[in-house]
Amino acid sequence: MIYDKIDNLETYAGISEDIRIGLEFLRDAKPDMANGVYQLNPRVKAIVSEYETKPQNENGFEAHRQYIDIQYTLKGQERVACLPIEKLTETKPYSEEGDCALYSAAIIPHPSYLILQPGYFAIFFPQDGHMPGLCATTPEPVRKVVVKVKCTHN
């Protein structure tokens, strides 16, 4: 997992050309851009959506195998819980169609939390369990972009 300011994107541009493309898209994204899917190249797409954060995420943690997630809020803020998937218990088996498995965490270990707000991004790799959509303080609307980067090992 990586969590940083979008101003520091050059630090991560060398990981892969596709991650660089995704981070540059986020840097240039406007808060009023339309909801929908933006195909950046054959291996990278950005999904813009709006929703209200919640005190709890009933789905639990998620993790992906085919795509790396780069998450970024354009408006509002949300809290994201994070734990390595080896510390989680699978509750819904991996679906190739949705590229997602769902997990729950035992009381211990406690997850780490990060705050996504405009100007900050998080990159979640296949081994990173993450639970987005949580309210930082009280529920609030967020406008968010999730860039999906095809994993090169598949």
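Residues numbered from 1 in each chain as written. Predicted model: local features only at pLDDT ≥ 70, side-chain atom pairs only at ≥ 80, totals over all residues. Heavy atoms only, no water.

## Re the pattern of salt bridges
Opposite charge on two side chains lets them pair, provided their charged atoms get close.
1) Next: Within this structure, the stated rule accounts for 9 salt bridges.
2) Next: Of the charged contacts in the structure, one is a salt bridge between R20 and E17, with a shortest N-O distance of 2.0 Å. Here R20 and its partner E17 are both found in helix α1 (residues 17–28), 3 residues apart, which amounts to about one turn of the helix.
3) Next: Residue classification places E17 among the partly exposed residues on the basis of a relative accessible area of 46%.
4) Next: E78 serves as the salt-bridge partner of K144, at 2.5 Å between the closest nitrogen and oxygen. Here K144 is found in strand β12 (residues 141–150), whereas its partner E78 is found in strand β6 (residues 78–84), with 66 residues between them in sequence. As far as burial versus exposure is concerned, K144 and E78 are alike and both buried.
5) Next: Connected through shared salt-bridge partners, E17, R20 and E24 make up one network. (Salt bridge = Lys/Arg side-chain N within 4 Å of Asp/Glu carboxyl O. Helix = DSSP H or I, 4+ residues; strand = E, 2+ residues; numbered from the N terminus. Buried < 20%, exposed > 50% of the residue type's maximum accessible area, 1.4 Å probe, protein only.)

## A short note on the side chain of E62
1) Next: Mapping E62 onto the fold places it in strand β4 (residues 61–63).
2) Next: With no salt bridge to any partner, buried E62 finds its closest opposite charge in K148, at an N-O distance of 5.5 Å.
3) Next: If sequence neighbours within four positions are ignored, E62 has contacts with D69, C100, A101, L102, Y103, D128, G129, H130 and P132. (Lys, Arg positive; Asp, Glu negative; His and termini not counted. Contact = heavy atoms within 4.5 Å.)

## A look at the nonpolar core
1) Next: In this structure, L23, L26, I70, F121 and V147 are the most contacted members of the largest nonpolar core, which totals 24 residues.
2) Next: Excluding its chain neighbours within four sequence positions, the residues that come into contact with F121 are I2, Y3, D4, K5, I6, Y12, L23, I70, Q71, Y72 and L116. (Core = buried A, V, L, I, M, F, W, Y, C linked by side-chain atoms within 4.5 Å.)

## Considerations on the state of the cysteines
1) Next: Applying the stated criterion to the full structure yields 0 disulfides.
2) Next: No disulfide involves C100; its sulfur sits 13 Å from that of C151, the nearest cysteine.
3) Next: No disulfide involves C135; its sulfur sits 16 Å from the nearest other cysteine sulfur, which is in C82.
4) Next: Here C135 falls in the buried class, since its relative accessible area comes to 6%. (Disulfide = S-S within 2.5 Å.)

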